[in-house]
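# Fold and geometry: a report
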Amino acid sequence: EPEVTQTPSHQVTQMGQEVILRCVPISNHLYFYWYRQILGQKVEFLVSFYNNEISEKSEIFDDQFSVERPDGSNFTLKIRSTKLEDSAMYFCASSGQVYSGANVLTFGAGSRLTVL
Amino acid sequence: DQQVKQNSPSLSVQEGRISILNCDYTNSMFDYFLWYKKYPAEGPTFLISISSIKDKNEDGRFTVFLNKSAKHLSLHIVPSQPGDSAVYFCAASAVRSQGNLIFGKGTKLSVKP
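Residues numbered from 1 in each chain as written. Chains lettered and ligands numbered in written order. Predicted model: local features only at pLDDT ≥ 70, side-chain atom pairs only at ≥ 80, totals over all residues. Heavy atoms only, no water.

### So, the sheet that holds strand 1 (residues 4–5) of chain B
Residues and elements named next belong to chain B. Read from one edge of the open sheet, five strands run 1-3-8-7-6, paired in antiparallel fashion. Sheet topology places strand 1 and strand 6 (56–59) at the edges, where each strand pairs with a single neighbour. Here strand 3 (residues 19–25) runs beside strand 8 (residues 72–77); their pairing, made up of six bridges, is antiparallel. Across the sheet, the residue bridging to isoleucine 20 is histidine 76, located in strand 8. (Pairing = 2+ DSSP bridges. Helix = DSSP H or I, 4+ residues; strand = E, 2+ residues; numbered from the N terminus.)

### Structural notes on the pairing of strand 5 (residues 43–50) of chain A
Working note: regular strand, side chains alternate between the two faces of the sheet. Residue and element names in this part refer to chain A. Of all eight residues that make up strand 5, six are buried, and the element is covered over most of its length. Bridging between strand 4 (residues 31–37) and strand 5 involves seven bridges; their strand directions are antiparallel. Looking at the pairing, tryptophan 34 lines up with valine 47 of strand 5. Between strand 4 and strand 5, which pair antiparallel and follow one another directly, the connecting turn spans five residues, one of which, glycine 40, has a positive phi of 85°. Across four bridges, the pairing between strand 5 and strand 6 (residues 53–57) is antiparallel. Within strand 6, the residue paired with phenylalanine 49 across the bridge is isoleucine 54. Where strand 5 hands over to strand 6, the hairpin turn is made up of two residues, of which asparagine 51 adopts a positive phi near 55°. (Buried < 20%, exposed > 50% of the residue type's maximum accessible area, 1.4 Å probe, protein only.)

Following this line, the structure appears as structure tokens:
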């Protein structure tokens, strides 16, 4: 069964450092997403990406965050200067369609980011 | 701002019995509701969804009921199996923002043999 793969599974970084989280979405999917879950809290939407541009972003997704699809397979989330409160599990997701009907997202296993 | 609420953090059920997981929402703009299941060290996995124009959707052992007037939905699992033990997330989306799923905090279901 097709799956979304994420690397690294766990990253520890110092506050202020840049971090790039990588994702390989399902190959024929067109819509890509990043979500995060701070420990003990809800899974929260960060950003959606379609046709090489951001289609929607949440208030969490400020100027410190950026996304990119550098080639035909990877989808990355960059945090420019990490803060302690960026420590969370980051989930990448992809979907094949966003029209009439429930948008079923397929999630990766997540990348745990720990900021010290 | 809890637009989607799952008020029970945990639920324990005997194998073979029915599991009922509940979810409430506040935003009347939501058009679709989804249930995701999550095992430790894995991402959320889609389980079942329901459109706001329906009041029931069934898929095997899983049935989702929607009560729009009460802004309430529930997931029924019958019969429950030990492999169903996981965290269940309720999520909602609006047509104009379908990629933006609003999740509840989750309910941890334990099915005891």
